[in-house]
Amino acid sequence: MYQFTEDCLIGIEQIDEEHRKLFTLINEAAELPPEARTPKTVAQILSRLSDYAATHFAHEEAYMSEHDDPELPLQQKEHAAFTAHVQSLVRQPLTEENASAMLDEILPFLIRWLYRHILSSDMMIGKLTSTDPFAFTPKYHTGIKEIDDEHKRLFDIIRETNALIHNDLLHDKYDEIIHLLNELREYTKIHFSDEEAYMKKIGFPELDAQIRAHTAFVDKLMNIDLDELDDIDDHQQEYLLELIDFLAGWLVNHILKMDTKIGVFEREAH
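Summarised in this report is the structure supplied together with it. (Residues numbered from 1 in each chain as written. Predicted model: local features only at pLDDT ≥ 70, side-chain atom pairs only at ≥ 80, totals over all residues. Heavy atoms only, no water.)

As for empty space enclosed by the protein
Here's step 1: Considering all chains together, one arrives at five cavities of 30 Å³ or more under this definition.
Here's step 2: Taken as a whole, the largest cavity spans an internal volume of roughly 100 Å³.
Here's step 3: For the largest cavity, the full set of lining residues is Leu22, Ile26, Leu49, Ser50, Ala53, Phe57, Phe82, Val86, Leu110, Trp113 and Leu114.
Here's step 4: Elements supplying a minimum of two residues to the lining of the largest cavity: α1 (13-30), α2 (39-66), α3 (72-90) and α4 (99-120).
Here's step 5: With four residues, α2 is the largest single contributor of residues to the lining of the largest cavity.
Here's step 6: Classifying every residue of the lining of the largest cavity by side-chain character gives ten nonpolar, one polar and no charged.
Here's step 7: Counted as a void, the second largest cavity has a volume near 70 Å³.
Here's step 8: Top element by residues in the lining of the second largest cavity is helix α8 (residues 236-269). It accounts for five residues. (1 Å grid on protein atoms, 1.4 Å probe; cavity = no way out; pocket = protein on both sides within 12 Å on 5 of 7 lines; lining within 4 Å. Points joined across faces, edges and corners; volume = space filled by probe spheres on them. Helix = DSSP H or I, 4+ residues; strand = E, 2+ residues; numbered from the N terminus. Nonpolar A, V, L, I, M, F, W, Y, C, P; charged D, E, K, R; others polar.)

What to know about the side chain of threonine 188
Here's step 1: With respect to the helices, strands and loops of the structure, threonine 188 is situated in helix α6 (residues 174-202).
Here's step 2: Overall, threonine 188 belongs to the buried group, its relative accessible area being 2%.
Here's step 3: In contact with threonine 188, other than residues within four places in its own chain, are Leu154, Phe217 and Leu221. (Buried < 20%, exposed > 50% of the residue type's maximum accessible area, 1.4 Å probe, protein only. Contact = heavy atoms within 4.5 Å.)

Remarks on the nonpolar core
Here's step 1: In this structure, Phe82, Leu110, Ile158 and Leu247 are the most contacted members of the largest nonpolar core, which totals 72 residues.
Here's step 2: When contributions to this core are tallied by element, the ones reaching two or more residues are α1, α2, α3, α4, α5 (145-166), α6, α7 (207-222) and α8.
Here's step 3: At 13 residues, the largest contribution of residues to this core is made by α4.
Here's step 4: Look past the residues within four positions of phenylalanine 82 in its chain and what remains in contact with it is Ala53, Phe57, Phe109, Leu110 and Trp113.
Here's step 5: Listed in part, the eight residues of the second largest apolar core include Tyr198, Ile202, Phe204 and Leu207. (Core = buried A, V, L, I, M, F, W, Y, C linked by side-chain atoms within 4.5 Å.)

Let's talk about the environment of histidine 166
Here's step 1: Position of histidine 166 relative to the elements: it lies in helix α5.
Here's step 2: Spatially, the C-alpha atoms of histidine 166 and leucine 240 are 9.9 Å apart, while their sequence positions differ by 74 residues.
Here's step 3: If sequence neighbours within four positions are ignored, histidine 166 has contacts with Lys173, Gln237 and Leu241.

Remarks on α2
Here's step 1: An ideal rise of 1.5 Å per residue puts 40 Å on 28 residues; α2 measures up with 40 Å between its terminal C-alpha atoms.
Here's step 2: Where α2 is concerned, the buried positions are Pro39, Val42, Ile45, Leu46, Leu49, Ser50, Ala53, His56, Phe57, Glu60 and Met64.
Here's step 3: Packing partners of the buried residues in α2 comprise α1, α3 and α4.
Here's step 4: Looking at the residues trailing α2, positive phi occurs at aspartate 68, about 50 degrees. (Expected span 1.5 Å × (residues − 1).)

Description of the layout of surface pockets
Here's step 1: Within this model, the largest pocket holds a volume of roughly 580 Å³.
Here's step 2: The wall of the largest pocket is formed by 20 residues, among which Glu78, Ser121, Asp219, Lys220 and Asn223 lie closest to the centre.
Here's step 3: Contributions of two or more residues to the lining of the largest pocket are made by α3, α4, α7 and α8.
Here's step 4: Residues of the lining of the largest pocket, tallied by class, amount to eight nonpolar, four polar and eight charged.

This is the structure:
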């Protein structure tokens with residue numbers, strides 16, 4: 001049973017309800033007994049899931065377009081890649097011998113993708129409105145010095161990268177940008193490890209949700225193809241600015257919605 005947990009709520013009612021519905025559809029398919037997994041039934045399930053996902057993506061993109069959300073192009077790319085992959089699976093011929101195995105292959109892919117997409121991308125919808133997204137202000141403080149210091153360093157790395165991208169006088173800045181993005185990757189992994197160890201030490205009850213969110217973000221970071229910058233000279237600036245917006249927006253949202261709870265829990269427990 002795949003649970004739609006609180007950390008998957010992005011705060012937009014329609015989108016949250018559609019995400020919940022996708023979890024329900026996947027769970028209904030997963031609970032289908034072996035004798036009911038006929039080619040016809042499996043085909044209907046996959047078609048229904050594919051159609052509902054397409055409808056949801058259309059609603060999500062319409063919402064983002066209506067609100068001039070800068071993350072829309074990135075969302076459209078992720079949605080298109082997901083749709084193409086699912087359609088390639090759905091087009092495979094189903095037989096009595098492979099129908100059940102096909103369902104067992106597709107459902108874990110769907111739920112993994114959905115968790116990661118919600119936690120690393122959908123959480124950003126409507127969030128990138130700060131006039132200075134790189135200001136580490138008191139509202140981000142958890143009250144735990146180690147965590148706050150590491151959060152500040154993450155903000156600083158993103159700020160440095162953003163400043164470098166906007167430095168039009170520095171023509172050969174590719175290597176420095178790559179260096180900073182690699183530093184961000186490595187420091188993020190260190191920070192998440194430290195934060196998870198701290199939460200485990202104090203018995204923080206939402207550790208599992210934090211680990212899911214961290215894993216989704218690290219996956220996102222590791223899947224950014226820095227070599228791709230060589231191939232997009234004409235749009236390199238736009239690509240990098242979209243990337244920085246995503247990184248800053250995710251960090252802001254994660255700290256405010258999840259990490260501040262760590263300090264609250266520790267203070268209330270003691």
